[in-house]
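# Survey of secondary and tertiary structure
Now for the letters of each chain:
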Amino acid sequence: MSAQLFTPFQLGGLTVPNRVVVSPMCQYAATDGVPGDWHLVHLGQFAMSGPGTVFVEATGVEPNGRITHGCTGLYDDACEQAFSRIISFMKSVSDVRVGIQLSHAGRKGSTVAPWEGGGLIEGDGAWVTDAPSAVPYLPGWPEPRAMDDAALKRVRDAFVDAARRADRAGFDLIELHVAHGYLLHQFLSPITNRRQDQYGGSLENRMRYPLEVFKAVRDAFSSDKPVAVRLSATDWIDGGWDVTGSLAFSQALKDAGCAMIDVTSGGLDQRQEITTGPGYQVGFAETIRREVGMPVMAVGQITDPIQAETIVATGQADLVALARGMLWDPRWTWKAAVALRAEIALPAPYARCNPALAATPFVKRS
Ligand SMILES: Cc1cc2nc3c(=O)[nH]c(=O)nc-3n(C[C@H](O)[C@H](O)[C@H](O)COP(=O)(O)O)c2cc1C
């Protein structure tokens, strides 16, 4: 039987050519939110190398929704045009599907890049962050501003505007970032959400704002294009967000037209206690897929082609995403195809690199 990893998959109205996905990865290399040549090469190399889908990094829907000043944004024409150029290139070299992760950093914003320590911006350029409640991310950090009705509307509208821009720029799908402790995840977790209004307290109330944003984004993006959600399945902290909540949230998202859950974990609070290892988050994806009956993507220390194939072939997940493994070896997908004896189309100028990959070369359709 041929490798399941290299079979197409139907994600709502979108057919993805295979199950390999490049996970969103912040590059901290944009200027005023605008992706540049770094992103063209970074994303372009992946497009040339065989994954069915490539996700653009967490992209702020407003300037203060970015994590750092180097994060990409999708809040003005310059951002939109720059993404449009990158997508055109990616689609000229392969049959790849291109997604964007739309995000708001909430209380984790106003920081510097990881290689500068990842701490708060000091002095000029720092901003007051937004959050469901005035609970800082770390002791000693300034309190974020608890969002009032105007702030809730402003951010929801920013997500809608970014979704329209994503559509026009040519993205095939959107992933809403509800993970890793960013704003929408902050609403879900009782650790960060201490609100006493209709957006806090019960599970239903904590899910309300992320669901409102999802529905608004879903409405704003072409109906034939999928909208997915990246979800942290657990905070890995007693009393935090957990799998029970994730199942309820996934069900509500499914009912609202969500095409897929990208299942990750953690990132909300540094007290988290995680035991990592190969495929350590796959079980969460499998649980959501089985209990809710919707497509899921697994991510986290998936590095080996047989491991990836097993995840798909045994029905643990429909798609597998790699992050660090793709930075380490952008040609991972070609090598996985050789290892699994699958056919894969290479860009025509590269088609002679390995006789084992003698499939029909990809030639741009006019
Ligand atoms: C350089 C880098 C940047 C990342 N940026 C993002 C991001 O923008 N959005 C996100 O949801 N996860 C981000 N992640 C997490 C990855 O998408 C992925 O979930 C995580 O690294 C686990 O997968 P892996 O073991 O294949 O690296 C990032 C990871 C890395 C290594």
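Let us look at the structure shown here. Numbers given for residues are sequential positions, taken from 1 along each chain in its written order. In keeping with the model being predicted, local features are shown solely for residues with a pLDDT of at least 70 and side-chain atom pairs are shown and tallied solely at 80 or more, while totals for entire chains, interfaces and linings include all residues. To get the side-chain values, take all heavy atoms of the structure and skip hydrogens and water.

Quick look at the pairing of strand β12 (residues 319-322) now. The buried label goes to any residue with under 20% of its type's maximum accessible area, the exposed label to any with over 50%, and the partly exposed label to all in between, with areas taken from a 1.4 Å probe on protein chains only. Numbering of helices and strands runs from the N terminus; a helix is a DSSP stretch of H or I covering at least four residues, while a strand is a stretch of E covering at least two. Residues Leu-319 and Ala-321 line one face of β12 and the alternating positions Val-320 and Leu-322 line the opposite face, and both faces are buried. Pairs of strands are assigned from DSSP output, requiring at least two bridges between the strands. Of the pairings in the sheet, the one linking strand β3 (residues 20-22) to β12 comprises three bridges and is parallel in character. Across the sheet, residue Val-21 finds its bridge partner in β12, namely Ala-321. Read as a crossover between parallel neighbours, the route from strand β11 (residues 296-299) over helix α8 (residues 305-313) to β12 is right-handed. A clockwise course of the path from the first strand over the helix to the second, judged with the strands pointing away from the viewer, identifies a crossover as right-handed.

Our focus in this paragraph is helix α6 (residues 243-255). To estimate the expected span of a helix, subtract one from its residue number and multiply by 1.5 Å. With 13 residues, α6 ought to run about 18 Å at 1.5 Å a step, and its terminal C-alpha atoms sit 18 Å apart, in line with that. Among the residues making up α6, those that are buried are Gly-245, Ser-246, Phe-249, Ser-250, Ala-252 and Leu-253. Projected down its long axis, α6 carries its buried residues within an arc of 165°, all on one side. Exposed and oriented more than 90 degrees from the buried face of α6 are Thr-244 and Asp-255. Where the residues of α6 are buried, they touch β8 (173-178), α4 (183-188), α5 (203-220), β9 (227-232), β10 (261-264) and α7 (282-292). Downstream of α6 by a residue or two, Gly-257 has a phi angle that is positive, lying close to 100°. Throughout, the arc means that of the directions going from the helix axis to the C-beta atoms. Note on definitions: a residue-residue contact is assigned when non-hydrogen atoms from the two residues lie within 4.5 Å.

The next thing to look at is the site of the ligand. Taken together, 16 residues lie near the ligand, and Ser-23, Cys-26, Gln-101, Gln-301 and Arg-324 sit nearest. N or O atoms closer than or at 3.5 Å make up a polar contact, with two conditions inside protein: a donor-capable atom paired with an acceptor-capable one, and, for residues adjacent in sequence, both atoms drawn from side chains. Between the ligand and Gln-101 there is a distance of 2.7 Å, counted from a nitrogen atom to a side-chain nitrogen or oxygen. At a separation of 2.9 Å, an oxygen atom of the ligand approaches a polar side-chain atom of Arg-230. Exposure was quantified through the Shrake-Rupley algorithm and a 1.4 Å probe, taking into account, for residues, occlusion by the shown protein chains and nothing else. A total of 600 Å² of accessible area belongs to the ligand in isolation, and the protein chains cover 82% of it. Residues are labelled near a given molecule or strand when at least one of their non-hydrogen atoms is within 4 Å of it.

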